[in-house]
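# Descriptive analysis of the structure
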Amino acid sequence: RWYNMSTLNVDTLQDKAGAFEHARLVQVQTVSKTDIFTSTNTSFVDVTGLTVDITPTVAANKILVMFQLWSGADDRCQVKLLRDSTAINLGDASSSRISCSGVGMSGGEKAYQLRYVGGTFIDSPNSTSALTYKLQVRANSGTAAVNATQENSDSAVSTLTASNIVLMEIRT
């Protein structure tokens, strides 16, 4: 049996205790980088154009950070996630090992290979000030490339990609 549906208009919805449960997702901010970035620097440097800002509405809220970066490298491309100038979501430092958020490794056909580096992290910045999230890369040796193979020739075996950061403010 089919029923005709009507429109229901209400001012608020409340649970049995009289409280209204607001949506958990407060806001979303994103950036997508589609051009190529390369670096031969063996120190971490900002990836130009892979930065996104968010201003939390409540200090207690969390920021869900998701990132993906496609890298090509002579050796390896190490990646750091930062909130403002603070590196976050890092492995523990140990001896001379590099602490980072991810690494794109190379293999036998490294000049034509891209490696995916991605992560998901719940950040607790405890702030209502504007925050800047960004990715940095470091070339272990040679050249580290973002969104292109290290070789980056104009040929059918060379690939171009996009990298991005997505920020979601989650009400706690």
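Everything numeric in this text was worked out from a predicted model, so none of it was measured.

## Regarding the overall build of the protein chain
The secondary structure content of the protein chain amounts to 0 helices and 11 strands. The order of α-helices and β-strands along the protein chain, N terminus first, is β-β-β-β-β-β-β-β-β-β-β. Looking at the protein chain residue by residue over its 172 residues, the buried ones come to 34%. Within the protein chain, counting contacts between residues at least 6 apart in sequence, those at least 24 apart form 79% of the total.

## Focus: the nonpolar core
Counting 25 residues, the largest nonpolar core has Leu69, Val79, Tyr133, Leu135, Val137, Ile165 and Leu167 as the members making the most contacts within it. Among the secondary structure elements, those contributing two or more residues to this core are strand 3 (45-54), strand 4 (62-73), strand 5 (76-83), strand 9 (131-139), strand 10 (144-146) and strand 11 (163-170). Setting aside anything within four residues of it in sequence, one finds Val137 in contact with Phe37, Ser43, Phe44, Val45, Val47, Leu69, Cys77, Gln78, Val79 and Val146.

## Describing the environment of Cys77
With respect to the secondary-structure elements, Cys77 resides in strand 5. A residue is classified by how much of its surface remains accessible, and Cys77, at 0% relative accessible area, is buried. In this structure the C-alpha to C-alpha distance between Cys77 and Val117, which are 40 residues apart in sequence, comes to 9.3 Å. Excluding anything up to four places from it in sequence, Cys77 contacts Ser71, Gly102, Val103, Gly104, Val137, Arg138 and Ala144.

## As for the pairing of strand 9
Most of strand 9 is tucked away, with 8 of its 9 residues classed as buried. Pairing between strand 3 and strand 9: 6 bridges, direction antiparallel. Bridging across to strand 9, Thr51 finds its partner in Lys134. Inspection of the sheet shows strand 5 paired to strand 9 by 7 bridges, in the antiparallel sense. Looking at strand 9, one finds that Leu82 is bridged to Lys134.

## A few points about the side chain of Asn61
Within the element layout of this structure, Asn61 appears in the loop between strand 3 and strand 4. For Asn61, a relative accessible area of 3% corresponds to the buried category. Polar contacts involving the side chain of Asn61 include one to the main-chain amide nitrogen of Thr172, which spans 3.3 Å.

## Here we look at the side chain of Arg83
Along the chain, Arg83 turns up in strand 5. In this structure the side chain of Arg83 is engaged in a polar contact, spanning 2.6 Å, whose partner is the side chain of Asp123. Filtering out sequence-adjacent residues up to four positions away, Arg83 remains in contact with Ile88, Asp123, Pro125, Leu131, Thr132 and Tyr133.

## Digging into the confidence of the model for the protein chain
Averaged over every residue, the pLDDT of the protein chain is 84; the share at 70 or more is 81%. When pLDDT is averaged over each element of the protein chain, strand 3 comes out on top at 97 and strand 7 (residues 102-105) at the bottom at 74.

## Quick notes on the environment of Asp35
With respect to the helices and strands, Asp35 occurs in the loop between strand 1 (25-33) and strand 2 (37-39). Residues in contact with Asp35, not counting those within four places in the same chain, are Val146 and Asn147. For Asp35, the side chain forms a polar contact with the side chain of Lys33, separated by 2.7 Å.

## Observations regarding the pattern of salt bridges
If you walk through the whole model with that rule in mind, you get 3 salt bridges. In this structure, the salt-bridge partner of Asp35 is Lys33, at a minimum N-O distance of 2.7 Å. Residue Asp35 is classed as partly exposed on the basis of its relative accessible area of 43%. For Lys33, a relative accessible area of 3% corresponds to the buried category. A salt bridge links Lys134 to Asp46; the nearest nitrogen and oxygen atoms lie 3.1 Å apart. On the criterion of sequence distance, the pair formed by Lys134 in strand 9 and Asp46 in strand 3 is long-range, its members being 88 residues apart. You can call Asp46 partly exposed: its relative accessible area is 34%.

Procedures and definitions
- Residues numbered from 1 in each chain as written.
- Predicted model: local features only at pLDDT ≥ 70, side-chain atom pairs only at ≥ 80, totals over all residues.
- Heavy atoms only, no water.
- Helix = DSSP H or I, 4+ residues; strand = E, 2+ residues; numbered from the N terminus.
- Buried < 20%, exposed > 50% of the residue type's maximum accessible area, 1.4 Å probe, protein only.
- Contact = heavy atoms within 4.5 Å.
- Core = buried A, V, L, I, M, F, W, Y, C linked by side-chain atoms within 4.5 Å.
- Pairing = 2+ DSSP bridges.
- Polar contact = N/O pair within 3.5 Å; in protein donor to acceptor, adjacent residues only side chain to side chain.
- pLDDT = per-residue confidence, 0-100.
- Salt bridge = Lys/Arg side-chain N within 4 Å of Asp/Glu carboxyl O.

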